[in-house]
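Letter by letter, the chains look like this.
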Amino acid sequence: MTYLWRARRRALRREPLQSALLILSLALGVAVVVAVDLVNAASRTAMASASAQLEGFSTHRLEGPGGSLDLATYAELRRAWRQGTLLASEDRVRGFAPVLEGRLRLGDGRGLVLLGIDPFASLQNVAFSDAGQATSALAWESFLLQPGAAFLPDGFLSAEGLALGDAIPVQGRPPLTVLGTLPGDDGASAQPLAVVDLATAQEWLGVTDRLSRIDLALTPPATQSLGRRALERLFPGLLLPNKAPPVALHPALRARYPGLMVRSQAETRLALGGLASAFQLNLAAMGLLAMVVGLYLLYGALTFSVRRRLESFGRFRALGVPQGQLRSLVLREALVFASLGALLGLGLGRVLAGGLLGLVSDTLAGLYDQVAIAALPFDPVPYLKGLLLALGGAFFVAWPLAGEAARAPLLPRAGRPLAPPIRLSGAVGLGLGAALLLSFPTGYLGALAALAALLLAGAQLVAPVTGGLLRVLGRLAEPLPLGLRLPLREASRGLGRAQLALAALVVALATAVGMTIMVSSFRLTVADWLTERLDAPVLVRGAALGADRPVLEAALHAAREAGVVSGWVWRQGVEDWLEPHPVSVVLLEAEGRPAPQLRLSEPLARRLARPDAPTLSWPGRLDGAQALAPFYRAYGGGRPELEMPRALWQGPAPEGPWGLAIYGDAEVLERRLAPILPDGAEMLAQGPVKARALAIFDRTFRVTAVLQTLAGLVAGVGLLSAFAGLALDRQRQLSALRVLGAPRRFAARQLLLEAGLLASLAGLCALPLGLLAAWVLCDAVNLRAFLWTLDFHVPAGAFLQALALALGAGLLAALGPALRAALAPPAHVLEVLRAEG
Amino acid sequence: MARLQVDDLTLRVGAGADALTLFSGLNLTLEGGESLALTGRSGSGKSSLLHCLGGLLTPQAGRVCWTPAGQPTVALSAVGEGARSAFRRRHLGFVFQFFHLIPTLTALENVAFMAELAGQDAPLERARAMLDAVGLGARGSAFPETLSGGEQQRVALARALVHGPAAVLADEPTGNLDGRTADAVAAVLFEQVRRVGAALILVTHDPALAARADGTLALGAG
């Protein structure tokens, strides 16, 4: 065994480039997995930390219409809580804490979230420390009695160089005083949080008669199964957050306060939660893809390595070497490669994660103001996972090859293929599996599995399809000179050797095409949705807008006569239940605009399992069955909604917040309406809102593009290895041609043409597969995961980009071997020819 | 008639203490239609001399001058790599011990490819005629892997002659063939080279093959 292994080590040292490329492709695969996991874990930690700051131990929140509660309602709700009649369900309410939340501006203009709490009831995770001492009576006393005393995040204080007792200037208000620290937050949040006593919040925010909400702590909190927790730990981001069952107020309270709603904290975090989940899901999926591509390449390289040596294995067997030793030799080689690749990949992954951190942090800051990641926390799981994936994967792919080596024929057999066999039955089986997963309600994980099966089925077909295309091209090229036809023939011959690398390239390109189409479709649909939802140039909103409606209406009519306004739509939100779902109802009244219709949002329509229902019956809210217009798209996440003409509403008098969408020239409107707006109302130009939403969207998917590139890079390294191997195989032929008088450039041109041809054809194969992947992503994964559909949109450049990438990768991979062939001195050419003897 | 003139040729291989002079002050003249066998022990420098004559190795001293029929003289040892390549593809033909046919081209295409490389018109017609001449007219559509060793070497021979070279340089042309096949190939080689009026320089260990040549140059004595 020692001698066999020694001989093998020497042989490997003679092919350093091949060995190095194999290790590199595996290392890149591991690196992407590790980096994605590290970044995903870091972003989840950051989000959890931000949630802990904002929500503390609360699990739900009780909100009034318009996002506020008057103090009388608060008192009654508190009484109901004491009597155990707050909720309709059996859930026990452990904690009940009033909160007043608002925003202030720091002296330098940055935002600050002010959270006013009742320290005796608070569910906030506040560490009452005083100058480093744990909970002290002095701190409690100061918090209650000293106006402006605030607790701020540790990280923020360190970043600002602030100490306990320091004053923090606030625009238009007296400064806040640092009384203590809050756990979490690394100082990188866009808007830091200051926790103050309720009285301070009322004074600093100028709100004395209302609360923002009541935080509730319900027991028992939903626990996750061990399996789910393990899966989340191993594949962060792949599992979407569990939807907590909706919690309803006691029927008596619901009847009395129809606008009051209980929301889970997770639900409130979902303002853009759909996008955030889509983002994490993408990250996790891309990370796994890169690893699969890396293992695919390892499989290809090991297969060649073993099959090329079958004759020697046979000779060893003939000499009496036991089969077990040969098996062990192959396994050992695979594990050595995998270990080296994994070790390199772990280091690269850490570096890559550092690079991705900025992009991910930007995305989270766009999605959630409070979340930012400044550094990667130490987490051994992604490293262990990368190591195990590499070693386990290597063992998995090497085991059958080790068996092949152990059973190598004692006498050499001619014509044994070097490439792993293409099993059309495998491709058909995978395709059927994908069809089954897509036909049955297997959830989004089933759809993702179907996507993986389709990609693998496509990968199996790359070699036969490329071979067929080469044959067709060969026939078409008959009239061309032999010098131009030769690359076609050689490409056909080299297909066996390059097929796995090409398949890996096809998988990477198809994924890139699929993701590009999906993201483009998503963007276009979201843009359409935003255009529809924000079609009015100006939106006026405010809780008390309804009271000033007559004044505003008069002004609007006057403006309409003056030609400044073409129409307007009044909107009022109502939180309600369309059993068994909590819903947000939007009541609409239009003037000078098309009449509103009764419509469900797509997620609600799908949740009710009747996306095409012609009518809706809603006892107590609608008079009989009312005709439904087709559903409208909604991508915001959070509570499902429906909209209807106000005249149709039969429920209790709505108390929700008002909005007024006004159509006309935005600039003129802002100028003319601003003076007559009631107090507390704000006017928003919708254009910038839409632009910001799209900017967040673009930022969200920028990371995906980076990871696509990395997966492509893994495939590119595989290609480099395959083409270097092809060039090695052709060395003698090209050397002979040099002797016959072929110019130096001839060899280079041949290798580049072959590589370009193979890679371009692989690129062609990737196009239909990418289209199929896009379809699964748009119509199955998104629909099942987020209950929304996307308009299928194929951007003009997607296919051209994939083809250019394939050609570029092929030419780049072949450039080194081509240059080596062209620059080889005649003495080397003769050496190669002599080596045959 | 083509002519080869070699003057005072010296070739050393290796460097420093390992340097070895394979031959020194070698002079040689060969006319079109003549044949010369280079013989000697392994490592005596016969293949290296052949490569010097073909412009594949550059001697440390001396000149290798070729004068193809109706063409100016080219000092192959004094021109650049590009010019030597061009000279080889237009005026020389090579036959290797291991044939080195292109496996993805048929026998006919392998021969035609050389004619195309040499810039000749109607390469397929020339190749067909040449294959007929070496007795393989019926095997033109066969790929090398389906041909026997002797057939492959005859295709290689047709390839070496298809463009009407001034000389054919053959390195152990029968070294990989059994005795009977070797005899047959040697017969075709000499016959066809004479037919096209080219010079023939061959490296061989086989005394019988060497005896077929007009002259023999034994190397190995330094």
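For the structure itself, look to the data block above.
Now for a description of the structure that goes with this document.

The rules we used
- Residues numbered from 1 in each chain as written.
- Chains lettered and ligands numbered in written order.
- Predicted model: local features only at pLDDT ≥ 70, side-chain atom pairs only at ≥ 80, totals over all residues.
- Heavy atoms only, no water.
- Contact = heavy atoms within 4.5 Å.
- Buried area = accessible area lost by both parts, 1.4 Å probe.
- Salt bridge = Lys/Arg side-chain N within 4 Å of Asp/Glu carboxyl O.
- Helix = DSSP H or I, 4+ residues; strand = E, 2+ residues; numbered from the N terminus.
- Nonpolar A, V, L, I, M, F, W, Y, C, P; charged D, E, K, R; others polar.
- Phe/Tyr/Trp six-rings, centres within 6.5 Å; stacked < 30°, edge-to-face > 60°.
- Buried < 20%, exposed > 50% of the residue type's maximum accessible area, 1.4 Å probe, protein only.
- Lys NZ or Arg CZ within 6 Å of the ring centre and 35° of its normal.
- Core = buried A, V, L, I, M, F, W, Y, C linked by side-chain atoms within 4.5 Å.
- Axes fitted to C-alpha atoms, helices over the stretch in contact; angles between N-to-C directions.
- Parallel < 35°, antiparallel > 145°, perpendicular 65-115°, else oblique.
- Left-handed = near helix turned anticlockwise from the far one by under 90°.
- Pairing = 2+ DSSP bridges.
- Expected span 1.5 Å × (residues − 1).
- Bend = angle between axes of the 7 residues up to and from the residue.
- Patch = residues over 30% accessible without salt bridge, like charges linked within 9 Å, V, L, I, M, F, W, Y side chains within 5 Å.
- Areas by Shrake-Rupley, 256 points an atom, 1.4 Å probe, with all protein chains shown as cover.
- Lys, Arg positive; Asp, Glu negative; His and termini not counted.
- Charge placed at Lys NZ, Arg CZ, Asp CG, Glu CD.

Side note on the interface of chain A and chain B
How big an interface is tends to be stated in terms of the accessible area lost upon association of its parts.
Here is step 1 of the chain: Listed as interface residues are 26 residues of chain A and, on the opposing side, 24 residues of chain B.
Here is step 2 of the chain: If you sort the residues of chain A by the area they bury against chain B, Leu482(A), Val739(A) and Leu740(A) come out on top, with a joint share of 29%.
Here is step 3 of the chain: Here chain A and chain B share three salt bridges between them.
Here is step 4 of the chain: A salt bridge links Glu109(B) to Arg485(A), with the nearest nitrogen and oxygen atoms 3.1 Å apart.
Here is step 5 of the chain: When contributions to the side of chain A that touches chain B are tallied by element, the ones reaching two or more residues are α16 (482–533), α21 (731–740), α22 (744–786) and α24 (826–834) of chain A.
Here is step 6 of the chain: Considering only residue class, the side of chain A that touches chain B consists of 13 nonpolar, four polar and nine charged.

Description of the packing of aromatic side chains
Residue and element names in this part refer to chain A.
Here is step 1 of the chain: Scanning the model with the defined rule gives eight aromatic pairs over all chains in all.
Here is step 2 of the chain: Ring geometry for tyrosine 74 versus phenylalanine 96: centroids 6.0 Å apart, planes at 25°, classification stacked. Of this pair, tyrosine 74 sits in helix α3 (residues 71–83) while phenylalanine 96 is found in strand β3 (residues 92–105), placing the two residues 22 residues apart along the sequence. An identical accessibility class is assigned to tyrosine 74 and phenylalanine 96; each is buried.
Here is step 3 of the chain: The side chain of arginine 327 reaches across the aromatic face of tryptophan 399, ending 5.9 Å from its centre.
Here is step 4 of the chain: Lying over the aromatic face of tyrosine 663, arginine 593 brings its terminal NZ or CZ to 3.5 Å of the ring centre.

With respect to the nonpolar core
Here is step 1 of the chain: Residues Leu4(B), Leu53(B), Trp66(B), Leu131(B) and Ile201(B) are the most contacted members of the largest nonpolar core, which totals 93 residues.
Here is step 2 of the chain: The element best represented in this core is helix α3 (residues 107–117) of chain B, accounting for eight residues.
Here is step 3 of the chain: Setting aside residues no more than four positions away along its own chain, Ile201(B) makes contact with Leu4(B), Leu30(B), Leu36(B), Leu38(B), Leu50(B), Leu53(B), Trp66(B), Val168(B), Leu169(B) and Ala170(B).
Here is step 4 of the chain: If you look at the next biggest cluster of nonpolar residues, it comprises 71 residues, including Leu455(A), Met518(A), Cys765(A) and Leu769(A).

Re the packing of α21(A) against α24(A)
Residues and elements named next belong to chain A.
Here is step 1 of the chain: The contact between α21 and α24 brings their axes to 9 Å, and the two run at 125°. Classified by the angle between their axes, α21 and α24 sit oblique to one another. The element α21 and its partner α24 pack so that their crossing is left-handed. Contacts between α21 and α24 involve Gln731, Arg732, Ser735, Ala736, Arg738 and Val739 from the former and Pro826, His828, Val829, Leu830, Val832 and Leu833 from the latter.
Here is step 2 of the chain: Across the contact of α21 with α24, the residue classes tally to seven nonpolar, three polar and two charged.

Overview of the sheet that holds strand β19 (residues 658–664) of chain A
Residues and elements named next belong to chain A.
Here is step 1 of the chain: With mixed pairing, the seven strands of this open sheet are ordered in space as β15-β18-β14-β13-β19-β12-β20. This sheet does not close on itself; its edge strands, each paired only once, are β15 (599–600) and β20 (682–685).
Here is step 2 of the chain: Where strand β14 (residues 581–591) meets strand β18 (residues 641–645), five bridges bridge the pair, whose relative direction is parallel. Across the sheet, valine 586 pairs through a bridge with glutamate 643, a residue of β18.
Here is step 3 of the chain: Contacting β13 (565–578), β14 and β19, helix α17 (residues 549–561) crosses the sheet at an angle of about 145° to β13.

Some details on helix α13 (residues 380–406) of chain A
Here is step 1 of the chain: Between its first and last C-alpha atoms α13(A) spans 37 Å; for 27 residues at 1.5 Å apiece the expected length is 39 Å, and the two agree.
Here is step 2 of the chain: In the structure, α13(A) departs most strongly from a straight axis at Ala398(A), where the bend amounts to approximately 35° and where the proline Pro400(A) lies between one and four residues downstream.

Some thoughts on a positive patch on the surface
All names here are of chain A.
Here is step 1 of the chain: Taken together, the side chains of Arg6, Arg9, Arg10, Arg13, Arg14 and Arg332 present a region of like positive charge at the surface.
Here is step 2 of the chain: Structurally, arginine 13 can be placed in helix α1 (residues 2–14).
Here is step 3 of the chain: Looking at arginine 13, the relative accessible area reads 56%, which means it is exposed.

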